[in-house]
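Residue-level structure breakdown
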Amino acid sequence: MAKLKAGVIGLGMGWGHLAGYMEHPDVEVVAVADRIEAKRENAKKEFNLPKVYAEGIDMIRSEKLDILSVAVPNNQHRELTIAGLEAGANVLCEKPMAMNTAEAQEMLDTAARLGLKLGIDFSYRFNPQSRAMKDLVDAGRLGEIYYGRSVWLRRRGVPGLGSGFNTKGGGAGSWFFDKSQSGGGPLIDLGVHRLDLALWLMGYPEPAWVMGSTYCKIAGKLAAERGLDYTVEDLACAMIKFKNGATLELDAAWASNIKENEQMSTRILGDKGGLYQYNLNEGYTWDAEYYQDMEGRQFDSKLHSSPEVRNAFWLFADAVRDDTPFLVQPEEGVVVMRLLDAIYESARTGEPVKF
């Protein structure tokens, strides 16, 4: 079988996409695109790529791709994803799926109409602890799930301002805190990950209503000191009530007065057991615990020594090659966008948003 021809647009987060595809024996990366010359030339040299482009749309039009990764600022997701699909490529899009629900639905509808795969890179599903937790849920070990709390808080960690920013100077600014390009701040950047992970573990229940708040108490002032425009929140929080009676709390912040530099966790409670995943050493490694009824902490070996889990890029290529479902379906991406839109709307109006 001929290798699947893949291309990547955007070599920030897209660098990981590129490296992931290069590992797959049935994928050939034929081109990448990035507007920054140094990034595309570095990729060409490191991975011995045949072609590089300054504009993603030019790559889509010039190359006959089987797989396209879209890893660019959020306001470009819809345009490039739809262009890729219409050119015949299966598309893996970075999170968030789009700027809003309407854009996400258009992407989903285009993929469905053309019979092509559209995946969303909710990357926190693709680690051993998350997969082991999902296996326990699917095996009924939690029973009826009625509560979740999912958190990603940083002390000082705004993209473009850097970590530990407490003095003037430094930080060149970023599309992340330009609402016209990002659609929002830490809620749509960090919270989207923890939201999807919790929803996935809870079985993606249907939302009934959302109450949300957003604040900008720290990062905006620090950006202003550097002469930068900061137009998004630096903290968001929400309560989501589902039609099955369950509740989920969500917190996300780039700047908050907490002890840790980076605190990430997801807790899921059922009437038979509970799960808790948390980051170690304020970083990006994980542990998870399973608690059973009244028997106390249960160290389920599966949570601590899970077999290797392939990355999203490998599994997306498998799904395209074998015509099997990808772990993240676009319908789930649309649900996440509906909830993000509702949180922002509730924060704007000060009222709950009903579905």
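Residues numbered from 1 in each chain as written. Predicted model: local features only at pLDDT ≥ 70, side-chain atom pairs only at ≥ 80, totals over all residues. Heavy atoms only, no water.

1. Structural notes on the overall build of the chain
Put simply, the test is: Per the convention used, a helix needs a DSSP run of H or I reaching at least four residues, while a strand needs a run of E reaching at least two, with both numbered from the N terminus. With the radius of gyration taken over C-alpha atoms, the globule rule is written as 2.2 Å times the number of residues to the power 0.38. Think of it in three bands: with a 1.4 Å probe and only protein chains considered, a residue is buried below 20% of the maximum accessible area for its type, exposed above 50%, and partly exposed in between. Note on definitions: a residue-residue contact is assigned when non-hydrogen atoms from the two residues lie within 4.5 Å.
Regarding its fold elements, the chain presents 12 helices and 17 strands. Against the globule reference of 20 Å for 355 residues, the chain gives a C-alpha radius of gyration of 20 Å, in line with a compact fold. In terms of principal-axis extent, the alpha carbons of the chain reach across some 60 × 50 × 40 Å. The 355 residues of the chain split such that 55% are buried. For the chain, contacts bridging at least 24 residues in sequence account for 68% of all contacts bridging at least 6.

2. With respect to unusual backbone geometry
Between Lys95 and Pro96 the backbone carries a cis peptide bond, its omega angle lying at -15°. Residue placement: Pro96 occurs in the loop between β5 (90-94) and α5 (101-114). At Asn281, a position not held by glycine, the phi torsion is positive, near 55°. Tracing the backbone through its elements, the reader meets Asn281 in the loop between β14 (273-280) and β15 (285-292). Positive phi is not limited to glycine here, since Asp323 has a value of about 55°. Classification of Asp323 by relative accessible area gives exposed; the value is 61%.

3. A few points about helix α8 (residues 186-202)
Worth spelling out the cut-off: In this analysis, the expected span of each helix is defined as 1.5 Å times one less than the number of residues it contains. We define the bend at each residue as the angle formed by axes fitted to the 7 residues ending at it and the 7 residues starting at it.
Here α8 contains 17 residues, and its C-alpha end-to-end distance of 22 Å stays within 8% of the 24 Å for a straight helix at 1.5 Å per residue. The axis of α8 is deflected most strongly, by about 45°, at Val192. Within α8, 17 of the 17 residues are buried, which leaves it mostly tucked inside the rest of the structure. One or two residues past the end of α8 sits Gly203, with phi positive at roughly 90°.

4. Section: the confidence of the model for the chain
Heads up, the condition is: A residue's pLDDT is simply how confident the predictor is in it, with values from 0 to 100.
Residue-level pLDDT values for the chain average 93, and 92% of them are 70 or greater. Within the model, the stretch residues 166-171 combines pLDDT values under 50 with eight contacts to residues more than four positions away or in other chains.

5. Details of the pattern of salt bridges
Quick note on the threshold: A pairing counts as a salt bridge when a side-chain nitrogen of Lys or Arg comes within 4 Å of a carboxyl oxygen of Asp or Glu.
A complete count under the given rule lists 17 salt bridges for this structure. Ionic pairing is found between Glu106 and Arg78, a salt bridge with its closest N-O pair at 2.8 Å. Separated by 28 residues along the polypeptide, Glu106 in helix α5 and Arg78 in helix α4 (residues 77-86) bring together distant segments of the chain. Exposure remark for Arg78: the relative accessible area of 29% places this residue in the partly exposed category. For Glu86, the salt bridge is made with Arg113, and the minimal N-O distance between the two is 3.7 Å. Taken together, the residues Glu86 in helix α4 and Arg113 in helix α5 connect sequence positions 27 residues apart. With a relative accessible area of 53%, Glu86 lands in the exposed category. Arg113 sits in the exposed class, given a relative accessible area of 56%. Through salt bridges with shared partners, a single network forms among Asp26, Asp318, Arg321 and Asp322.

6. Description of the pairing of strand β1 (residues 4-9)
Basically, it comes down to this: When DSSP finds two or more bridges between a pair of strands, those strands are recorded as paired. Here the term right-handed applies to a crossover when the path leading from its first strand over the helix to its second strand runs clockwise, the strands being oriented away from the viewer.
In terms of residue burial, β1 counts as a mostly covered element, since five of its six residues are buried. With six bridges connecting them, β1 and strand β2 (residues 27-33) associate as parallel partners. Paired with Leu4 across the bridge in β2 is Val27. Viewed along the sheet, the connection from β1 through helix α1 (residues 14-23) into β2 turns out right-handed. Where β1 lies against strand β4 (residues 67-70), four bridges are found, and the strand directions are parallel.

7. Concerning the nonpolar core
We apply this condition: Residues belong to one nonpolar core when they are buried, are Ala, Val, Leu, Ile, Met, Phe, Trp, Tyr or Cys, and are joined through side-chain atoms within 4.5 Å.
Ranked by internal contacts, the top residues of the largest apolar core, which has 88 residues, are Leu18, Tyr21, Leu68, Met97 and Leu195. Take this core: its biggest share by element is 10 residues, from α8. Residues Ile218, Ala219, Ala223 and Trp254 belong to the second largest nonpolar core, which totals 17 residues.

8. Quick word on a nonpolar patch on the surface
Put simply, the rule is: Two joining distances apply to patches: 9 Å for like charges and 5 Å for nonpolar side chains (Val, Leu, Ile, Met, Phe, Trp, Tyr), and every residue must have over 30% relative accessible area and no salt bridge. Each accessible area is a Shrake-Rupley result for a 1.4 Å probe, and residues are judged covered by the shown protein chains and nothing else.
On the surface, Trp209, Met211 and Met239 cluster together to form a nonpolar patch covering roughly 230 Å² of accessible area. With respect to the helices and strands, the residue Met211 is situated in strand β10 (residues 207-215).

9. Section: the sheet that holds strand β3 (residues 51-53)
Hydrogen bonds between backbone groups are what pair the strands of a sheet, and the pairing can be parallel or antiparallel. Here is the rule: Helix axes use the C-alpha atoms of the stretch in contact, all axes being lines fitted to C-alpha atoms, and the angles between their N-to-C directions lie in the range 0 to 180 degrees.
Ordered in space as β3-β2-β1-β4-β5-β6, the six strands form an open sheet in which the pairing is parallel. Each edge of the open sheet is held by one strand with a lone partner, namely β3 and β6 (118-121). Neighbouring strand axes in the sheet, compared pairwise and without regard to direction, differ in orientation by 25° on average. In terms of strand pairing, β5 meets β6 through four bridges, oriented parallel. By the bridge assignment for β6, Val91 is matched with Leu118.

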